[in-house]
Amino acid sequence: ATPVELALSNMIRHDIGEFLERQLSETELKIIRLRFGLEENVQRETVEIARALGLEISVALEMEREALRKLRISFEDDYIGAYLDDDH
């Protein structure tokens, strides 16, 4: 990747991180980061996430669903939408 591509990638990662922090509770944020590999580039299964956070599997799954619902609702209203093309 070129220096410009790396810089853009870092900016996007930073902006997405800030977006997530504004929208989610601390636990929801941890769940989403683990589930989608946002920190270690390794996606985790719900069972692994529940175990790592000391939660029941059903609780971790419900929190993941709620976090994703929050993100869907707020995504288009936030500046992160600027990264999408005009057709979205």
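Right above here is the structure, for reference.
Conventions used here
- Every chain is numbered independently, its residues counted from 1 as its sequence is written.
- The predicted origin of the model limits local features to residues at a pLDDT of at least 70 and limits the giving and counting of side-chain atom pairs to 80 or more, whereas totals for whole chains, interfaces and linings rest on all residues.
- The basis for every side-chain value is the complete set of non-hydrogen atoms in the structure, without hydrogens or water.
- By definition, any uninterrupted DSSP run of H or I lasting at least four residues is a helix, any uninterrupted run of E lasting at least two residues is a strand, and each is numbered from the N terminus.
- Relative accessibility decides the category of a residue: with a 1.4 Å probe and only protein chains considered, values under 20% of the type maximum give buried, values over 50% give exposed, and everything between is partly exposed.
- Two residues form a contact once any of their heavy atoms are found within 4.5 Å.
- Salt-bridge detection follows one rule: a side-chain nitrogen of Lys or Arg within 4 Å of a carboxyl oxygen of Asp or Glu.
- To get an axis, a line is fitted to the C-alpha atoms, and for a helix only the part in contact is used. The angle between two axes follows their N-to-C directions and goes from 0 to 180 degrees.
- Every angle not falling under 35 degrees, over 145, or within 65 to 115 is termed oblique; those three ranges are roughly parallel, roughly antiparallel and roughly perpendicular.
- Basically, the charged four are Asp, Glu, Lys and Arg, the nonpolar ten are Ala, Val, Leu, Ile, Met, Phe, Trp, Tyr, Cys and Pro, and anything else, Gly included, counts as polar.
- Here the arc refers to the directions that run from the helix axis out to each C-beta atom.
- A clockwise turn of the near helix away from the far one marks a right-handed crossing, whereas an anticlockwise turn of less than a right angle marks a left-handed crossing.

Focus on the side chain of Ser74
- Turning to its location among the elements, Ser74 is positioned in helix 4 (residues 57-75).
- On the basis of relative accessible area, Ser74 is assigned to the buried category, the value being 13%.
- If sequence neighbours within four positions are ignored, Ser74 has contacts with Phe19 and Gln23.

Looking at the pattern of salt bridges
- Taken as a whole and assessed by the stated rule, the structure comprises eight salt bridges.
- Taking the shortest distance from any N to any O, the salt bridge between Glu26 and Lys30 comes out at 3.5 Å. Pair noted here: Glu26 and Lys30 are both in helix 2 (residues 26-35), with a separation of four residues, about one helical turn.
- For Lys30, a relative accessible area of 40% corresponds to the partly exposed category.
- One salt-bridge network, in which partners are shared between bridges, spans Glu21, Arg33 and Glu39.

Side note on the packing of helix 2 against helix 4
- Packing of helix 2 against helix 4 brings their axes to within 9 Å, and their N-to-C directions diverge by 95°. Comparing their axes, helix 4 and helix 2 come out roughly perpendicular. When helix 2 is examined against helix 4, the residues Thr27, Glu28, Ile31, Ile32 and Arg35 are found in contact with a partner set consisting of Ala60, Met63, Glu64, Glu66, Ala67, Leu68 and Lys70.
- When its residues are assigned to classes, the contact of helix 2 with helix 4 shows six nonpolar, one polar and five charged.

Concerning helix 3 (residues 46-53)
- Of the positions making up helix 3, those classed as buried are Thr46, Ile49 and Ala50. Angular distribution of buried residues about the axis of helix 3 spans 100°; they occupy a single face of the element. In helix 3, the exposed residues that point more than 90 degrees away from the buried face are Arg51 and Ala52.
- Among the residues trailing helix 3, Gly54 stands out with phi positive, at a value near 70°.

Notes on the environment of Phe19
- Here Phe19 lies in helix 1 (residues 3-23).
- Each C-alpha atom, one on Phe19 and one on Phe75, is 8.5 Å from the other, the two residues being 56 residues apart in sequence.

Some words on the packing of helix 2 against helix 3
- Relative to each other, helix 2 and helix 3 sit at 140°, their axes nearing to 10 Å. Overall, the two elements helix 2 and helix 3 adopt an arrangement that is oblique. Helix 3 is crossed by helix 2, and the crossing has right-handed handedness. Packed against helix 2, whose contacting residues are Thr27, Lys30, Ile31, Leu34 and Arg35, the element helix 3 presents Thr46, Ile49 and Leu53 at the interface.
- In the contact of helix 2 with helix 3, the residues fall into four nonpolar, two polar and two charged.

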